[in-house]
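A structural walkthrough
Take a look at the letters that make up each chain.
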Amino acid sequence: MELKFTKMHGAGNDFIVFNAIEQDLSALTADDWRALGNRQFGIGADQILLVEKPTIAGMDFKYTIYNNDGSLVENCGNGARCFVKYVYDQGLTQHLANTREVAVQIATGTMVLKLNDDGSVTVNMGAPGFVAADLPAVVDGLPTRAQAEDTLYEVQLTHGERRDISLVSMGNPHAVQIVTDVDAAPVLTEGAELEVHPMFPRRVNVGFMQVMNPHHIKVRIFERGAGETLACGTGACAAVVAGIRRGVLTSPVRVSARGGELSIAWAGTGEPVLMSGPAVTVFDGQITI
Ligand SMILES: N[C@H](CCC[C@H](N)C(=O)O)C(=O)O
């Protein structure tokens, strides 16, 4: 099967984008997503994004996401920015030319994506969730303590270290901790351990954030199903939300990831998280799989 694709990135978080409206990808499996995402033997990307026809009324598109380990993902923020740039550049929606907004259906609901005049994209990521069981996370018996609105969950690591983490759902699950120096943080080791910690039955994205000032953080994210990425949109949103709930951040917040900058605003519990940032097309290609 010969497939056309577009390689894109949002702040260095990179994607393979397929037009699954004009191409039939229904036969592809998790093995295929892994093969396509493999950086030595395939195209290489953190996630694979499918542009599909919506199955619910009122939506312009359906947006399906796979990690490069082949697992299906509920939401992908950097990918959403690339999604709207892709459908605009490919002329896949007429009304976008006027409103420059599209409504997309995702596994956990809907999102509105806006293409700004300067080429950046603003995504309404919806309201974050804080119910551990919804993440899902198993927290029975885990010592927890409150800090401002946030409940911190203490997790013990294999060598006895204890970490206070915030649990935030952006449709996908995030475990966020504050560190004093994000560049020195053990992201690869602790991220890998927490990703598959028994507390998280469906694994988890692991965020490390350093508070520079109330309006600026530096982050690194060890992503579920992809490892450390240069940026993670939902992870950046989860970190900002956790910091605001802990009383150490004030909206809006500039988020410096290794691959670029994101701007995130959140007005508090029940309100949506708004994320703005870059979306870049790298190249078009085709592959036989
Ligand atoms: N890179 C994506 C997150 C993918 C999340 C995925 N790693 C998972 O939840 O399994 C983002 O920009 O939000």
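Residues numbered from 1 in each chain as written. Predicted model: local features only at pLDDT ≥ 70, side-chain atom pairs only at ≥ 80, totals over all residues. Heavy atoms only, no water.

Take the UniProt feature "active site" (unreviewed entry) in the protein next. If you check UniProt for "active site" (unreviewed entry), the listed places come out as Cys76 and Cys232 in our numbering. Spatial clustering of the annotated residues is evident: they stretch over 157 residues in sequence, but the largest pairwise C-alpha distance comes to 7.9 Å. Set against the largest cavity, the annotated residues named above that line it are Cys76 and Cys232. With respect to the helices, strands and loops of the structure, Cys76 is situated in the loop between strand E5 (72-73) and helix H2 (77-89). Beyond its immediate stretch of four places on either side in the chain, Cys76 contacts Phe15, Gln47, Leu49, Tyr63, Ile65 and Thr234. By secondary structure assignment, the location of Cys232 is in the loop between strand E15 (227-229) and helix H5 (233-245). When its relative accessible area of 5% is taken as the criterion, Cys232 is described as buried. If sequence neighbours within four positions are ignored, Cys232 has contacts with Asn13, Asn78, His174, Ile221 and Glu223. (UniProt positions renumbered as here; feature names shortened; annotations may be inferred. 1 Å grid on protein atoms, 1.4 Å probe; cavity = no way out; pocket = protein on both sides within 12 Å on 5 of 7 lines; lining within 4 Å. Helix = DSSP H or I, 4+ residues; strand = E, 2+ residues; numbered from the N terminus. Contact = heavy atoms within 4.5 Å. Buried < 20%, exposed > 50% of the residue type's maximum accessible area, 1.4 Å probe, protein only.)

Taken together, 15 residues are adjacent to the ligand, and Asn13, Glu223, Arg224, Gly233 and Thr234 come closest. Residue Asn78 places a main-chain N or O atom 3.0 Å away from an oxygen atom belonging to the ligand. For the ligand, an oxygen atom lies 2.8 Å from a polar atom in the side chain of Asn205. Out of a free accessible area of 360 Å², the ligand has 100% covered by protein chains. More than half of the atoms of the ligand fall within 2 Å of the grid points belonging to the largest cavity. Taken together, the elements giving at least two residues each to the shell around the ligand come down to H2 and H5. Taken together, the residues of the shell around the ligand sort by class into three nonpolar, 10 polar and two charged. Both domains that furnish three or more residues to the shell around the ligand are identified here as domain 1 (2-126 + 278-288) and domain 2 (132-271). (Near = heavy atom within 4 Å. Polar contact = N/O pair within 3.5 Å; in protein donor to acceptor, adjacent residues only side chain to side chain. Areas by Shrake-Rupley, 256 points an atom, 1.4 Å probe, with all protein chains shown as cover. Sits in = over half its atoms within 2 Å of the grid points. Nonpolar A, V, L, I, M, F, W, Y, C, P; charged D, E, K, R; others polar. Domains from an automatic or database assignment.)

What follows covers the packing of aromatic side chains. Under the definition given, this model contains six aromatic pairs. Ring geometry for Phe5 versus Phe283: centroids 5.9 Å apart, planes at 80°, classification edge-to-face. With Phe5 in strand E1 (residues 2-10) and Phe283 in strand E19 (residues 280-288), this residue pair connects regions lying 278 residues apart in the sequence. The buried category is assigned to Phe5, whose relative accessible area is 6%. (Phe/Tyr/Trp six-rings, centres within 6.5 Å; stacked < 30°, edge-to-face > 60°.)

Under the counting rule described, the total for this entry stands at two cavities of 30 Å³ or more. Of the voids in this model, the largest cavity is the one considered here, and its volume is about 100 Å³. The wall of the largest cavity is formed by 15 residues, among which Gln47, Asn75, Asn172, Glu223 and Thr234 lie closest to the centre. Looking at the lining of the largest cavity, the elements that each hand over two or more residues are strand E4 (61-67) and H5. Of the domains in this structure, domain 1 (2-126 + 278-288) and domain 2 (132-271) are the two that each give at least three residues to the lining of the largest cavity. Its volume calculated, the second largest cavity comes out at about 40 Å³. Looking at the lining of the second largest cavity, the elements with two or more residues in it are strand E14 (216-223) and E15. It is E14 that contributes the most residues to the lining of the second largest cavity, three residues altogether. For the lining of the second largest cavity, a count of residues per class yields six nonpolar, one polar and three charged. (Points joined across faces, edges and corners; volume = space filled by probe spheres on them.)

With that settled, consider the state of the cysteines. Put plainly, a disulfide is one covalent bond tying together the sulfur atoms of two cysteines. Tallied over the entire structure, the rule returns zero disulfides. Take Cys76: it sits in no disulfide, and the sulfur closest to it among the cysteines is that of Cys232, at 7.2 Å. According to the relative accessible area criterion, Cys76 is buried, its value standing at 5%. Sulfur of Cys82: no disulfide; nearest cysteine sulfur belongs to Cys76 and is 8.1 Å away. A residue is classified by how much of its surface remains accessible, and Cys82, at 0% relative accessible area, is buried. (Disulfide = S-S within 2.5 Å.)

Looking now at unusual backbone geometry. If a residue is not glycine, its phi is most likely negative; likewise, a peptide bond is most likely trans. With omega at 0°, the peptide bond leading from Leu135 into Pro136 counts as cis. Cis geometry is adopted by the peptide bond preceding Pro252, which originates at Ser251 and carries an omega value of 0°. Inspection of the secondary structure puts Pro252 in the loop between H5 and strand E16 (253-257). Even without being glycine, Ala148 reaches a positive phi, approximately 55°. In this fold, Ala148 is placed in the loop between strand E9 (144-147) and strand E10 (150-156). Since its relative accessible area comes to 59%, Ala148 is described here as exposed.

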